[in-house]
Amino acid sequence: MSKNSKQLRFFLHLIGWTAFIFLPYIFFSSVPPPRQNIQEPDFAPVLYVTSVLLIAFFYLNYYYIFPAFYLKGKRFSYINLVLITFLTSFIFAWLFIYLYNPPPPNAPLILVPLLLSFFLRFCIVLLLSSGIRVYNSWKKAENEKIKAEISYLKSQINPHFLFNTLNSIYTLSVIKSDHTSEAIVKLSNMMRYVISENNQDFVPLYKELDYINSYLDLQRLRLTSKTKVETSIVSDYLEFSIAPMLLMSFIENAFKYGVNTEEDCTIKIKIELIINELQFSIENKKVKKQIIQQEGSGLGLKNTIQRLNLHYPAMHMLKIEDQNEWYRVELKIKLK
């Protein structure tokens, strides 16, 4: 939790408890006679003490009683403990009333509004603390589920990327290219990035763009003059972050299915940032040569779409156009 989030949480608690402490005064303002026989300021310490008791019960129930008993299936023990806590607080409040401001003998009913107020506030505190704890526990479980799913998806991407890149280097070695050693060095640097950064939820945008540029350089080593790669990538965005390896599946697919050494091919890539929106587009001319579909060939793209939904729900727009001669992808992401 960030410092700003902690401060906001503190002020929300402060405002909420201030309103809670003054709630009984609203309750008493609607009580009919014999209320006029009571000196209201004399009851202020009583209300403060009961409010402190209830605030203490809120955190006790939230941090200990509810998770230790109710969430672990000990429902009967939880109910008994809540009842004991209520009765103890009730008795303490009653004794405090008689010790601090004993009611007149001829008006015993004036205690009823005060005790009824205590009961209602106890129920409110019980429901709030239990409800918030249930919600936070559910939210935590959902976050852990999402993190586990993202880790699984990223673990699938790594071998997929390695397989495609090694195929490129293999092509260079077959034709005994002088660029083979250079390609191995570039692959080594790229895999270092994958290992060190791919375990992070977010990485600096400029590092991700540098990684993409290295990948493109590696691909250019094996391409012939028949393949034209047009790029427009600005990589000096220091203040923004992005989920790692998010754009690579689209780029890999363009090179995998849009390159044929026997015909003219074109791949166009554009990446820019407008305010805080990353705009990515890539298109490739479809090759005429039939490509044999390999097992798991659509895995990278499928995982990327899933990761977009997990990392950027309602914060991205993905458009894929599959035309007769061109395949085009447009992606817009609101970055943090």
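Before reading on, note that the structure itself is shown above.
Computed from a predicted model, the values in this text were never measured in an experiment. Within each chain, residue numbers correspond to sequence positions counted from 1 in written order. Totals for whole chains, interfaces and linings use all residues, but because this is a predicted model, local features are given only for residues with pLDDT of at least 70 and pairs of side-chain atoms are given and counted only at 80 or more. Excluding hydrogens and water, the side-chain values take into account all heavy atoms of the structure.

(A) Region of the structure containing a nonpolar patch on the surface. A surface patch of nonpolar side chains, about 640 Å² in accessible area, is lined by L87, I91, W94, L95, Y98 and L99. By the criteria applied, helices consist of DSSP H or I runs no shorter than four residues and strands consist of E runs no shorter than two, each listed in order from the N terminus. Summarising the element assignment, I91 is placed in helix 3 (residues 75-100). Each patch is built from residues lacking any salt bridge and having more than 30% relative accessible area; the joining distance is 9 Å for like charges and 5 Å for nonpolar side chains (Val, Leu, Ile, Met, Phe, Trp, Tyr). Method for areas: the Shrake-Rupley scheme with a 1.4 Å probe, in which residue coverage is limited to the protein chains shown. Only one rule defines a salt bridge in this text: a Lys or Arg side-chain nitrogen within 4 Å of an Asp or Glu carboxyl oxygen.

(B) Region of the structure containing helix 5 (residues 180-197). End to end, helix 5 covers 26 Å across 18 residues, agreeing with the expected 26 Å (1.5 Å per residue, within 8%). Buried residues of helix 5: T180, A183, K186, L187, M190, M191, Y193, V194 and E197, and no others. One side of helix 5 holds all its buried residues, which, seen down the axis, span an arc of 150 degrees. Between the first and last residue of a helix there are one fewer steps than residues, each counted as 1.5 Å, and that sum is the expected span. Type-normalised accessible area, obtained with a 1.4 Å probe on protein chains alone, sets the label of each residue: buried when under 20%, exposed when over 50%, and partly exposed for intermediate values. The reported arc concerns the directions from the helix axis to the C-beta atoms and nothing else.

(C) Region of the structure containing the pattern of salt bridges. Counted by the stated rule, this structure contains nine salt bridges. Here E277 and K334 are joined by a salt bridge, their closest N and O atoms 3.6 Å apart. With a gap of 57 residues between them, E277 in strand 5 (residues 277-285) and K334 in strand 7 (residues 326-334) connect regions that are remote in the sequence. Taking relative accessible area as the criterion, E277 reaches 17% and is therefore assigned buried. Notably, a salt bridge pairs E283 with R328, separated by 2.4 Å at the nearest N-O pair. With E283 in strand 5 and R328 in strand 7, the pair connects residues that are 45 residues apart, well separated along the chain. By relative accessible area, E283 is classed as buried at 15%. Three or more residues joined by partner-sharing salt bridges are found here, namely K186, D217 and R220.

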